[in-house]
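Architecture and fold: a report
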Amino acid sequence: MTAAVEAQRLVKHFGGRGGTVEAVRGVDLSVSKGEVFGFLGPNGAGKSTTVKMLTTLMSITSGTALVAGVDVAADPDAARRRIGVALQEAGLDPRQTGRELLVLQARLFGSPRGEAADRAQSLLELVDLVEAADRRIKGYSGGMKRRLDLASALVHEPEVLFLDEPTTGLDPASRLTVWDEVRRINRRGTTVFLTTQYLEEADALCDRLAIIDGGVIVREGTPSELKSQLRERQGLAYGPTLDEVFLDATGRTRERIEGEVQEVHA
Amino acid sequence: MSDTWVLGQRGLRETLRTPDSLIPTLFIPVFFLVVNVGQAGKIFPSGTTPFLEGQNYAAFQLPSSLLLAASFGTAALYLVEDIEGGYFDKLRAAPVSRTSIVLGRLVAEGAKNLAITAVMVLLALPFGISIATGPLGFVLLLLLTAGWAVVFAGFMQLIALKTRSAAATNAGGLVFFPLLFLTPNFVPRDLLTRPMEIAATFNPVTYIMEAMRSFILEDWTWSRLGPGFAVVAVLGVVMVVLNVRMIRTYD
């Protein structure tokens, strides 16, 4: 069976005045169809850069990436027809209404006018934004914007949905609503590739996850596998949390992070 | 083309929903027209100034103001907002031709400028200005001015795509002022001092201004009209090609 996402030795270098920055240094990933796959890592680890390469938004320095069976570098338009993207910044046009945005998005994915209007209506119902549909987006709350962004990523019923930190900045209630949406989308058969800073989110939603640090994958497995591995390796008497797995994988400790914070304040 | 039209409609909605942005686009060029005519109008009385072709000095100055109104490049500032807000990535992640992404905004900018130019010319008519080439000349004047609006918006979009900064894009727009003043702005080219005449000859805006002026002051004079349209066509193609290339390599 073809994997939903298959990346091999993915590399991204940025050139700058200070020399070359190796943001991603040989990432291998394989995400099965129908999974919710979590992609975790500290700030600057290479998460968003990897997602941008997989979604055709950034060129690949070397390596290959297939999404829904399509080589994203060789045939980006074919890949774009199969993927949905909701990035860190909810990519919305504040001057349009929610309905206009969805109709426009559907038309850009090839739907005729009438079909686009129908699709917009059903997506507005899906994310519970029917009442706000004809209001301009600039008046939406953060949670509403996130739900609309999700809906706009679904207009063409993508095979793989990329969500880059979809709950960052949301209040707890809005976050739970987005979690419900993600589960519902996944139940309909869409593979979800999710990056997040929130480990409880990864624990709650993801079938499998990978942790990236310094541009390379440092852990990969199901949440329970990763916890068991840590417990066995460190001989712990208790079941560790995903936070502890993350800290262990990235070589960070609470003391070090506190030190980093103090350094910033100084 | 349908993607271009869909994105162009979105650009027009954007303009209609920010009417405040139209105020400086209309007010500043009209202000310059009034000030320039007020300062130099007496020097060039219509009866004794051959290059006015019997009209008043405002008719000679009107093209400068129309060009200024076409050189605000607001489309590029909206593009920076799209980039900063993430909507530009949403468009790039859609299977839309990169040319449509560029043309959508430029079509909207052109349409907006058609309306602004029409309003400015119609406002000028009661003040004794007429279009010597008649209604067809009026339509072609609108199209030529809108063509320049598309070129200049394309230039500012290049700055926006390169810098991704509203401040830099705004500052880049100021390049129009030297372009506007290194032209036969106050008198025809043959009355300029030699250095200014050389500078104006190398300035592409000169040919557009002379073509616009020709529509207003002269009968159909293709030796003036042709170069104006040629400059807009060549620069328009160059801007679209550079914009598309910039979006294709945008990381």
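Preceding this paragraph is the structure being described.
A brief structural summary.

About the thresholds
- Residues numbered from 1 in each chain as written.
- Chains lettered and ligands numbered in written order.
- Predicted model: local features only at pLDDT ≥ 70, side-chain atom pairs only at ≥ 80, totals over all residues.
- Heavy atoms only, no water.
- Salt bridge = Lys/Arg side-chain N within 4 Å of Asp/Glu carboxyl O.
- Helix = DSSP H or I, 4+ residues; strand = E, 2+ residues; numbered from the N terminus.
- Pairing = 2+ DSSP bridges.
- Axes fitted to C-alpha atoms, helices over the stretch in contact; angles between N-to-C directions.
- Contact = heavy atoms within 4.5 Å.
- Buried area = accessible area lost by both parts, 1.4 Å probe.
- Polar contact = N/O pair within 3.5 Å; in protein donor to acceptor, adjacent residues only side chain to side chain.
- Nonpolar A, V, L, I, M, F, W, Y, C, P; charged D, E, K, R; others polar.

Observations concerning the pattern of salt bridges
This structure, assessed with the given rule, holds 30 salt bridges over all chains. One salt bridge connects Lys-52 of chain A with Asp-89 of chain B, and the closest N-O pair in it is separated by 3.7 Å. Of this pair, Lys-52 of chain A sits in helix α1 (residues 47-54) while Asp-89 of chain B sits in helix α5 (residues 87-92), which puts the two residues in different chains. The residue Arg-219 of chain A makes a salt bridge to Asp-248 of chain A at a minimum N-O spacing of 2.7 Å. Placement of the pair is Arg-219 of chain A in strand β10 (residues 216-221) and Asp-248 of chain A in helix α9 (residues 242-249), with a sequence separation of 29 residues.

A word on the sheet that holds strand β7 (residues 160-164) of chain A
Residue and element names in this part refer to chain A. Strand order in the open sheet formed by six strands is β6-β7-β8-β3-β9-β10, and the pairing between neighbours is mixed. At either end of the open sheet lies a strand with only one pairing partner, and these are β6 (83-86) and β10. Put simply, the sheet's adjacent strands are angled 15° from each other on average, direction ignored. Judged from the four bridges that link them, β6 and β7 form a sheet pairing that is parallel. Across the sheet, residue Ile-83 finds its bridge partner in β7, namely Val-160. Contacts between α1 and the sheet are confined to β3 (36-40), β6, β7, β8 (191-196) and β9 (208-213), with β8 contributing the most and set at about 150° to the helix.

A look at the interface of chain A and chain B
Listed per partner, the contact involves 31 residues of chain A and 26 residues of chain B. Both sides together, the interface formed by chain A and chain B hides about 2500 Å², and carbon and sulfur atoms give 50% of it. The largest share of the area that chain A buries against chain B comes from Leu-57, Arg-95 and Leu-108 of chain A, three residues that together contribute 30% of it. Asp-93 of chain A is paired through a salt bridge with Arg-10 of chain B; the nearest N and O atoms lie 2.8 Å apart. At the boundary of chain A and chain B, one finds twelve residue pairs in polar contact (both at pLDDT 80 or more). Elements represented by at least two residues in the side of chain A that touches chain B include exactly α2 (76-82), β6, α3 (98-108) and α5 (142-152) of chain A. With six residues, the single largest contributor to the side of chain A that touches chain B is α3 of chain A. Of the residues that constitute the side of chain A that touches chain B, the class distribution is twelve nonpolar, seven polar and twelve charged.

Observations concerning the sheet that holds strand β1 (residues 5-16) of chain A
Residues and elements named next belong to chain A. If you walk across this open sheet you meet the four strands as β2-β1-β4-β5, and the pairing is antiparallel. In this open sheet, the two strands that pair with only one neighbour each are β2 (19-31) and β5 (70-71). As paired strands, β1 and β2 are joined by ten bridges and run antiparallel to one another. Looking at β2, one finds that Gly-15 is bridged to Thr-20. Seen against the sheet, α1 touches β1, β2 and β4 (62-67) and runs at an angle of roughly 115° to β1.

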